[in-house]
Amino acid sequence: MKTKIGEVLLILGSGLFVAGAIGVIAGYLPQEQIPATVALALIFVGAGASMKRNNKPGV
């Protein structure tokens, strides 16, 4: 179960990175929201990677 949640968090974090990059390039994302979006994406990616790594047997 933790592995599936980790995968979802990784996908969500990656999606935030892509959406943020597209928003910056297209000019839809205001300058004030860029650091918050990046920080949230990093939190999701870090949490997801940690959840997936901790569930591997024998490691």
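The structure this text deals with has already been given above.
To start, this report covers the structure provided alongside it. (Residues numbered from 1 in each chain as written. Predicted model: local features only at pLDDT ≥ 70, side-chain atom pairs only at ≥ 80, totals over all residues. Heavy atoms only, no water.)

1. Overview of the overall build of the protein
(1) Moving on: A tally of helices and strands in the protein yields two helices and zero strands.
(2) Moving on: Once local pairs closer than 6 in sequence are excluded, the contacts in the protein between residues at least 24 apart make up 81%.
(3) Moving on: Of the roughly 4300 Å² of accessible surface on the protein, 70% is carried by carbon and sulfur atoms. (Helix = DSSP H or I, 4+ residues; strand = E, 2+ residues; numbered from the N terminus. Contact = heavy atoms within 4.5 Å. Areas by Shrake-Rupley, 256 points an atom, 1.4 Å probe, with all protein chains shown as cover.)

2. Observations concerning a nonpolar patch on the surface
(1) Moving on: Judged by side-chain polarity, F17, V18, I22, V38 and L42 come together as a nonpolar surface patch covering roughly 440 Å² of accessible area.
(2) Moving on: Of all the secondary structure elements, the ones that give two or more residues to the nonpolar patch are α1 (2–26) and α2 (34–54).
(3) Moving on: With three residues, the single largest contributor to the nonpolar patch is α1.
(4) Moving on: You can see F17 is positioned in helix α1.
(5) Moving on: For F17, a relative accessible area of 34% translates into the label partly exposed. (Patch = residues over 30% accessible without salt bridge, like charges linked within 9 Å, V, L, I, M, F, W, Y side chains within 5 Å. Salt bridge = Lys/Arg side-chain N within 4 Å of Asp/Glu carboxyl O. Buried < 20%, exposed > 50% of the residue type's maximum accessible area, 1.4 Å probe, protein only.)

3. Things to note about α1
(1) Moving on: In this model, α1 (25 residues) spans 36 Å end to end at C-alpha, consistent with the 36 Å of a helix rising 1.5 Å per residue.
(2) Moving on: Within α1 the residues assigned to the buried category are G6, L9, G13, G20 and G23. (Expected span 1.5 Å × (residues − 1).)

4. Focus: the side chain of T37
(1) Moving on: Structurally, T37 can be placed in helix α2.
(2) Moving on: Leaving out residues up to four positions away in the same chain, T37 has contacts with L16, G20 and L29.

These figures come from the coordinates and say nothing about function on their own.
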